[in-house]
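Chain by chain, the residues:
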Amino acid sequence: MSKIYIAGKISGFENYKTEFEKAEKYLTSKGHICMNPAVLPEGFPYEAYIHICIAMINQCDSVYMLNNWKDSKGARFELEYAKVSGKEIKFL
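Residues numbered from 1 in each chain as written. Predicted model: local features only at pLDDT ≥ 70, side-chain atom pairs only at ≥ 80, totals over all residues. Heavy atoms only, no water.

## Quick look at helix α2 (residues 46–58)
For α2, spanning 13 residues, the distance from its first C-alpha to its last is 18 Å, which sits close to the expected 18 Å at 1.5 Å a residue. Among the residues of α2, Tyr 49, Ile 50, Cys 53, Ile 54, Met 56 and Ile 57 are the ones counted as buried. Looking down the long axis of α2, one finds its buried residues gathered within 160 degrees of arc, a one-sided arrangement. Buried residues in α2 make contact with β1 (3–7), β2 (33–35), β3 (62–65) and α3 (73–84). (Helix = DSSP H or I, 4+ residues; strand = E, 2+ residues; numbered from the N terminus. Expected span 1.5 Å × (residues − 1). Buried < 20%, exposed > 50% of the residue type's maximum accessible area, 1.4 Å probe, protein only. Arc of directions from axis to C-beta. Contact = heavy atoms within 4.5 Å.)

## Re the state of the cysteines
Enumeration according to the criterion identifies zero disulfides in this entry. Here Cys 34 is not disulfide-linked; the sulfur of Cys 60 is the nearest cysteine sulfur, at 8.2 Å. Overall, the relative accessible area of 14% leaves Cys 34 in the buried class. (Disulfide = S-S within 2.5 Å.)

None of the figures reported here should be taken as evidence of function without further support.
Below, the structure is given as structure tokens:
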């Protein structure tokens, strides 16, 4: 069973929770364990979320990029971090 981090646009995207939940349901139906940053509570600064998300990525085997990842500064950072960390990258 592989562990997958889900990356995509959150800030400024009204329906982000729905999109991340759909991806998580799909991936878990395939037998994966998911780290879903969309379940984190709101109210922390961007920098705090990036540190939390890096820790989540570190525990995963791969990163699953949602279609809107290019529109997100954080998701683009997560992609680059995953690459330099040797994680497998998967695109929706």
